[in-house]
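Chains, contacts and geometry: an overview
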There are 2 protein chains.
Amino acid sequence: MSLRHAILAMLDIEKGSGYDLVKRFDQSVSYFWAAPYQQIYRELQKLEASGFLNSVAVVQQGKPDKKVYDVTEGGVNELKAWLEKPAKAMKIKEPLLIKIYAGDLADKGALLEEIQQHKNDHAETLLQYKEVSQLLSSLEEPLRTKYFLPHQTLKLGIKIEESWLEWAEEILETLQDMA
Amino acid sequence: MSLRHAILAMLDIEKGSGYDLVKRFDQSVSYFWAAPYQQIYRELQKLEASGFLNSVAVVQQGKPDKKVYDVTEGGVNELKAWLEKPAKAMKIKEPLLIKIYAGDLADKGALLEEIQQHKNDHAETLLQYKEVSQLLSSLEEPLRTKYFLPHQTLKLGIKIEESWLEWAEEILETLQDMA
DNA sequence: AGTCTATATTCACCTTTATGAATATGCAAC
DNA sequence: GTTGCATATTCATAAAGGTGAATATAGACT
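Please read these numbers as outputs of a predicted model, since none were measured by experiment.

**Notes on the interface of chain A and chain B**
- Listed per partner, the contact involves 48 residues of chain A and 48 residues of chain B.
- Counting residues per element, the ones that place at least two in the side of chain A that touches chain B are helix 1 (3-13), helix 2 (18-32), helix 4 (73-84), strand 4 (91-93), helix 5 (95-101), helix 6 (108-137) and helix 8 (148-178) of chain A.
- Here the element with the most residues in the side of chain A that touches chain B is helix 8 of chain A; it accounts for 12 residues.
- Split by residue class, the side of chain A that touches chain B holds 29 nonpolar, six polar and 13 charged.

**What about the pairing of strand 3 (residues 66-71) of chain A?**
Residues and elements named next belong to chain A.
- As paired elements, strand 1 (residues 16-17) and strand 3 share two bridges and run antiparallel to each other. Each residue of the ladder has a partner; that of G16, found in strand 3, is Y69.
- Of the pairings in the sheet, the one linking strand 2 (residues 53-58) to strand 3 comprises six bridges and is antiparallel in character. Bridge pairing links S55 to Y69 in strand 3.

**A few points about the domain arrangement of chain A**
All names here are of chain A.
- Entries for chain A in the domain assignment read domain 1 (3-84) and domain 2 (95-178).
- Computed over C-alpha atoms, the centres of domain 1 and domain 2 are 27 Å apart.
- Listed per partner, the contact involves five residues of domain 1 and seven residues of domain 2.
- When residues of the side of domain 1 that touches domain 2 are assigned to their parent elements, the largest contribution, four residues, is made by helix 2.
- For the side of domain 1 that touches domain 2, the residue count by class is three nonpolar, two polar and no charged.

**Examining the relation of the copies chain A and chain B**
- Of the two same-sequence chains, chain A is brought onto chain B (RMSD 0.1 Å, axial shift 0.0 Å) by a rotation of 180°. Within this description, the copies of the chain are treated as partners about a two-fold rotation axis. Closest approach to the rotation axis among the C-alpha atoms of chain A is made by I92 of chain A, whose C-alpha sits 2.2 Å away.

**As for the protein's contact with DNA strand D**
- Around DNA strand D lies a shell of 21 residues, among which M1 of chain A together with S17, G18, Q38 and K66 of chain B are the nearest.
- Of all the secondary-structure elements, those providing two or more residues to the surface near DNA strand D are helix 3 (37-49) of chain A together with helix 2 (18-32), helix 3 (37-49) and strand 3 (66-71) of chain B.
- Per-element tally for the surface near DNA strand D: the top contributor is helix 3 of chain B, with four residues.
- Grouping the amino acids of the surface near DNA strand D by side-chain chemistry returns nine nonpolar, eight polar and four charged.

**Details of the packing of helix 6 of chain A against helix 8 of chain A**
Residues and elements named next belong to chain A.
- Relative orientation of the contacting elements helix 6 and helix 8 amounts to 155°, with a least axis distance of 9 Å. Classified by the angle their axes make, helix 6 and helix 8 are roughly antiparallel. Relative to helix 8, helix 6 is oriented so that their crossing is left-handed.

**Observations concerning the nonpolar core**
- Core analysis: the biggest nonpolar cluster contains 84 residues, and I7 of chain A together with I7 of chain B have the highest contact counts within it.
- Setting aside residues no more than four positions away along its own chain, I7 of chain A makes contact with L21, I40, E43, L44 and L47 of chain A.

**Considerations on the sheet that holds strand 3 of chain B**
- With antiparallel pairing, the three strands of this open sheet are ordered in space as 1-3-2 (chain B). Both outer strands of the open sheet, strand 1 (16-17) and strand 2 (53-58) of chain B, are each paired with one neighbouring strand and no more.

**What to know about the protein's contact with DNA strand C**
- Taken together, 21 residues lie around DNA strand C, and S17, G18, Y41 and K66 of chain A together with M1 of chain B are the ones closest in.
- Going through the elements one at a time, helix 2, helix 3 and strand 3 of chain A together with helix 3 of chain B are the ones with two or more residues in the surface near DNA strand C.
- When its residues are assigned to classes, the surface near DNA strand C shows nine nonpolar, eight polar and four charged.

**Brief notes about helix 1 (residues 3-13) of chain B**
- Counting buried positions over the 11 residues of helix 1 of chain B gives nine, a clear majority of the element.
- Within helix 1 of chain B, the full set of buried residues consists of L3, R4, H5, A6, I7, L8, A9, M10 and L11 of chain B.

**Observations regarding the environment of G75 of chain A**
All names here are of chain A.
- Assignment of secondary structure puts G75 in helix 4.
- Assessed through the 24 C-beta atoms surrounding it within 10 Å, G75 is described here as buried.
- Separated by 21 residues in sequence, G75 and N54 have C-alpha atoms that sit 9.4 Å apart.
- Once you skip the residues sitting within four places of it in the chain, G75 turns out to touch L8, L47, F52 and L53.

**Topic: the packing of helix 2 of chain A against helix 8 of chain A**
All names here are of chain A.
- Remark: helix 2 packs on helix 8, axes separated minimally by 9 Å, with the N-to-C direction vectors making an angle of 65°. It follows from the interaxial angle that helix 2 and helix 8 lie roughly perpendicular. In this structure, the crossing between helix 2 and helix 8 has a hand that is left-handed. Along its contact with helix 2, which presents S28, Y31 and F32, the element helix 8 presents P150, T153, L154 and G157.

**Let's talk about the sheet that holds strand 2 of chain A**
- The strand order across the open sheet formed by three strands is 1-3-2 (chain A), and the pairing between neighbours is antiparallel. At either end of the open sheet lies a strand with only one pairing partner, and these are strand 1 and strand 2 of chain A.

Rules of the game
Residues numbered from 1 in each chain as written. Chains lettered and ligands numbered in written order. Predicted model: local features only at pLDDT ≥ 70, side-chain atom pairs only at ≥ 80, totals over all residues. Contact = placed C-beta atoms within 7 Å. Helix = DSSP H or I, 4+ residues; strand = E, 2+ residues; numbered from the N terminus. Nonpolar A, V, L, I, M, F, W, Y, C, P; charged D, E, K, R; others polar. Pairing = 2+ DSSP bridges. Domains from an automatic or database assignment. Least-squares fit on C-alpha atoms with pLDDT ≥ 70 in both. Near = placed C-beta within 6 Å. Axes fitted to C-alpha atoms, helices over the stretch in contact; angles between N-to-C directions. Parallel < 35°, antiparallel > 145°, perpendicular 65-115°, else oblique. Left-handed = near helix turned anticlockwise from the far one by under 90°. Core = buried A, V, L, I, M, F, W, Y, C linked by C-beta atoms within 7 Å. Buried ≥ 20, exposed ≤ 12 C-beta atoms within 10 Å, placed from the backbone.

Encoded structure:
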């Protein structure tokens, strides 16, 4: 289970509410560890129950109340212990590739359209990552140092999205030539 | 659930036993849909129970008996129906990036070593994919056409592994410069 | 007043995945 | 002869993930 450790790492860098975390996930972590908001809230509850997080209810003006979570000493230890264990290899789940794999049974036009649609989505994601990356590059100290390592992770996301787009262009061309 | 459809697609291209499928997964599909062998055997049982696969017991000499699975007409229809539904977006789970994200709490030397270890693993995977890719390129007709689309999927795997290696080299250099 | 959007969180159910353990055949090596 | 490896398959259980539904505050727009 690594979601809990991703959450601990994020809150260790900067505390926040579940809602904050969901937004932060979207901006970078979701690339290497996507999680629906329900799962994030669920893990926050579990982490608090385990004593790895504390929460403080914060009353806001113009907005509903929120619960701000912060990592406890136990939480930091848990994270450190996890960091010492070897990480498992990357896992990718890409249903579109199953479709292409089985493409002989599919409608070619529909397949091309869907690849194009996915390509557009990836292009948008890439743009978003690049914006965040630029923002992180332009930070002043000490924030720049604080976000240095998260920034490095984002760079892999950018490279992979670029690969995806490159590949999509090639396969679209190849498939169009065949038709 | 896409594993069942990956299996249907693979068996539609060429029938085989669970053991055969496990090996074929390793060679290409595992890149975009990894599954432990137990899960593949379990899905085969479920697919047969649903009438999407037939199995024939084959007695072998010098080896244990095996069950060879083949896709039924119902299985082909199931796969075709799935192909018409829009595919979900790619999901990546990369625990190593969580470690890098949280790297301020980690031992720098151990982190560098672990990145290096992962890099070696990815390099090996890349080599394996390239070998399979070359094999697919060198096929004669009609096999070449039969495996054309699976070959396209492998190409994304190769690109992503290359991106990963490129990124690993950059981050290793950056982190070593800092130390 | 009614609808829409953003903020903010929770619960319940079901599916999928992860992992360890177990069993069996037959060849080769020591 | 038993240790190890490749082949071949099954089962059980626990953890993690996916998805729909629900609830609430409050500003903005019609």
